[in-house]
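Residues per chain are reported as follows:
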Amino acid sequence: MTMYSIQGPCHWVGDKSETAPVSSVTEAMARINKLYEAGTPFFTKQSIREVSKQLQRSSLCKDKITVKGVDGVGVEFDVLTGEIRKGFDSGAFEHEIRDPYIVYCARVHMTQNLLRWHGNLPEATCSLRIAHWMSRRKKDTKEPAYNYALRESQVVRKSFRASRESWEASQMCKDLESILESVPKTLNIERVLGFSCGSMSIDRNSSRSEFQHALILTVRDWLRDRNGSGRVPSYVQDPVYTSIDKSTLKESNVMVLDDPQALLEIDDSSVVFSCSSNIPIKEIVADIARPAVLIWEHVGEEDEETSDEYGVYVCLVPCHPNADI
Ligand SMILES: C[S@@+](CC[C@H](N)C(=O)[O-])C[C@H]1O[C@@H](n2cnc3c(N)ncnc32)[C@H](O)[C@@H]1O
């Protein structure tokens, strides 16, 4: 699925922050690297929460969303919601600019942007930036023009059930269960959080999504047995979810949270699962929490051979809440 997005202009806020805005790409690179090497967290729950609160207010065209760079310098992003842009594909379509959302930039993205594109200096030191989703529609009738096919809800439910059965019969699921059994009983673990598992109702890569959600149910069931509790809070976050995904997941007692609410839920009693996310989930989690268990894919060419058809290489890191990740 292609989700179009667009970013509006941004400007330094004329506040009295102690640090002056950067004046060149070289200065921005040096500042980002220095802060990173000094151990400054680039993501904090407080900074994410502050931006989230602004996003929850009704965001109208000409509003501003203010974020602080990792150097403490304030930056305002223009809200463009409601504006119309010409389609990229042909004259028959146009794009309506929708809600703003958070773009998460780890150090590597910040510096790559600067090196490759020379970046936009006001946002150079921002690890949280604002962009907007856009929806494609026909220019003449204004009807939505999706460039992907949606599966019927009954088809999604049936297919998810089949994928779950197939996942549960797999060696990988058995391996995961036996690794989970080795997690020390002394760790207090209460909830499961899944990120970026994709859509089961969009007819492309839906089986990867089904298997990843089935994995979350396996972890949830393990936790329920381990804790002897009836209900294990289980949350997932992915902006791509459709209403069919949401209702299918709700039937399995998995609740969809809007970005960034699931991130804000992560704590040391969480199991966090993510595979092939579009956001720098590892960097975010490393900065904001010390989850009890992490399950996520290896990244890097050397890991390609060990990936399997489910799209997940099980890499489980039970860690003590106070341990360094
Ligand atoms: C490359 S796809 C991987 C999907 C699936 N995990 C897989 O392995 O096929 C990246 C996913 O990250 C999701 N994503 C983008 N922004 C996100 C956000 N803010 N929070 C959670 N997921 C996000 C996308 O919607 C997409 O489903």
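All of these numbers come straight from a predicted model, not from anything done at the bench.

A. Spatial organisation of the overall build of the protein chain. When helices and strands are counted, the protein chain shows nine helices and 13 strands. A total of 325 residues make up the protein chain; the buried ones form 47% of that total. The long-range share in the protein chain, meaning contacts at least 24 apart out of those at least 6 apart in sequence, stands at 71%. Accessible surface for the protein chain amounts to roughly 16,500 Å². Of this, 49% is attributable to carbon and sulfur atoms.

B. Structural detail: the packing of aromatic side chains. All chains considered together, the criterion is met by three aromatic pairs. Judged by centre distance (5.7 Å) and plane angle (85 degrees), the ring pair of Tyr36 and Phe42 falls under edge-to-face. Seen in terms of ring centroids, Tyr101 and Trp133 are 3.8 Å apart; in terms of plane orientation they differ by 10 degrees. Their pairing is stacked. Of this pair, Tyr101 sits in strand 6 (residues 93-104) while Trp133 sits in strand 7 (residues 128-138), placing them 32 residues apart in sequence. Among the residues examined, Trp133 registers a relative accessible area of 23% and is labelled partly exposed. Above the plane of the ring of Phe93 lies Arg136, whose end atom (NZ or CZ) is 4.0 Å from the centre.

C. Region of the structure containing the packing of helix 4 (residues 153-168) against helix 7 (residues 243-251). Following both chains from N to C, one finds helix 4 and helix 7 inclined at 45 degrees, their axes separated by 10 Å at the closest point. By the angle class used here, helix 4 and helix 7 are oblique. Here helix 4 runs over helix 7; the crossing is right-handed. Across from Ser153, Val156, Arg157 and Phe160 in helix 4, the residues of helix 7 making contact are Ile244, Ser247, Thr248 and Glu251. The class makeup of the residues in the contact of helix 4 with helix 7 is three nonpolar, three polar and two charged.

D. Representation of the sheet that holds strand 3 (residues 64-68) within the structure. Taken in spatial order, the three strands line up as 2-4-3 in an open sheet, and their pairing is antiparallel. Either end of the sheet is taken by a strand with one partner, and the two such strands are strand 2 (10-12) and strand 3. Taken pair by pair, the neighbouring strands of this sheet meet at an average axis angle of 25 degrees, ignoring direction. Looking at chain direction, strand 2 and strand 4 (residues 74-78) are connected through three bridges and run antiparallel. What sits directly across from Trp12, in strand 4, is Val75.

E. Focus on the site of the ligand. Of all residues adjacent to the ligand, which total 15 residues, the nearest are Ser196, Arg208, Gln212, Asp238 and Cys275. Taking Asp238, its side chain carries an N or O atom lying 2.6 Å from an oxygen atom of the ligand. For the ligand, a nitrogen atom lies 3.5 Å from a polar atom in the side chain of Asp259. Notes on the ligand: free accessible area 590 Å², of which the protein chains cover 83%. Looking at the shell around the ligand residue by residue, the class counts come to six nonpolar, six polar and three charged.

F. Fine view of the confidence of the model for the protein chain. Considering every residue of the protein chain, the mean pLDDT works out to 88; 89% of them sit at 70 or more. Confidence drops under pLDDT 50 across residues 303-325; counting only partners more than four residues distant or on other chains, this segment forms 53 contacts.

G. Main features of the pattern of salt bridges. Inspection of every chain in the model, using the stated rule, returns 19 salt bridges. Across the pair Arg129 and Glu123 runs a salt bridge, and its minimum N-O distance is 3.5 Å. The residues Arg129 and Glu123 share a single accessibility class, namely buried. By sharing partners, the salt bridges in this structure join Arg164, Glu168, Arg220, Asp221 and Arg224 into a single network.

H. Representation of the nonpolar core within the structure. Ranked by internal contacts, the top residues of the largest apolar core, which has 42 residues, are Phe43 and Ile266. The leading source of residues in this core is helix 9 (residues 281-288), at four residues. Taken domain by domain, the makeup of this core includes at least three residues from each of domain 1 (4-138) and domain 2 (153-318). Leaving out residues up to four positions away in the same chain, Phe43 has contacts with Ile48, Tyr104, Cys105, Ala106, Ser127, Leu128, Pro280, Glu283, Ile284, Asp287 and Ile288. Ranked by size, the runner-up nonpolar core spans 34 residues in total, among them Met172, Leu176, Leu217 and Ile295.

Rules used in this analysis
- Residues numbered from 1 in each chain as written.
- Predicted model: local features only at pLDDT ≥ 70, side-chain atom pairs only at ≥ 80, totals over all residues.
- Heavy atoms only, no water.
- Helix = DSSP H or I, 4+ residues; strand = E, 2+ residues; numbered from the N terminus.
- Buried < 20%, exposed > 50% of the residue type's maximum accessible area, 1.4 Å probe, protein only.
- Contact = heavy atoms within 4.5 Å.
- Areas by Shrake-Rupley, 256 points an atom, 1.4 Å probe, with all protein chains shown as cover.
- Phe/Tyr/Trp six-rings, centres within 6.5 Å; stacked < 30°, edge-to-face > 60°.
- Lys NZ or Arg CZ within 6 Å of the ring centre and 35° of its normal.
- Axes fitted to C-alpha atoms, helices over the stretch in contact; angles between N-to-C directions.
- Parallel < 35°, antiparallel > 145°, perpendicular 65-115°, else oblique.
- Left-handed = near helix turned anticlockwise from the far one by under 90°.
- Nonpolar A, V, L, I, M, F, W, Y, C, P; charged D, E, K, R; others polar.
- Pairing = 2+ DSSP bridges.
- Near = heavy atom within 4 Å.
- Polar contact = N/O pair within 3.5 Å; in protein donor to acceptor, adjacent residues only side chain to side chain.
- pLDDT = per-residue confidence, 0-100.
- Salt bridge = Lys/Arg side-chain N within 4 Å of Asp/Glu carboxyl O.
- Core = buried A, V, L, I, M, F, W, Y, C linked by side-chain atoms within 4.5 Å.
- Domains from an automatic or database assignment.

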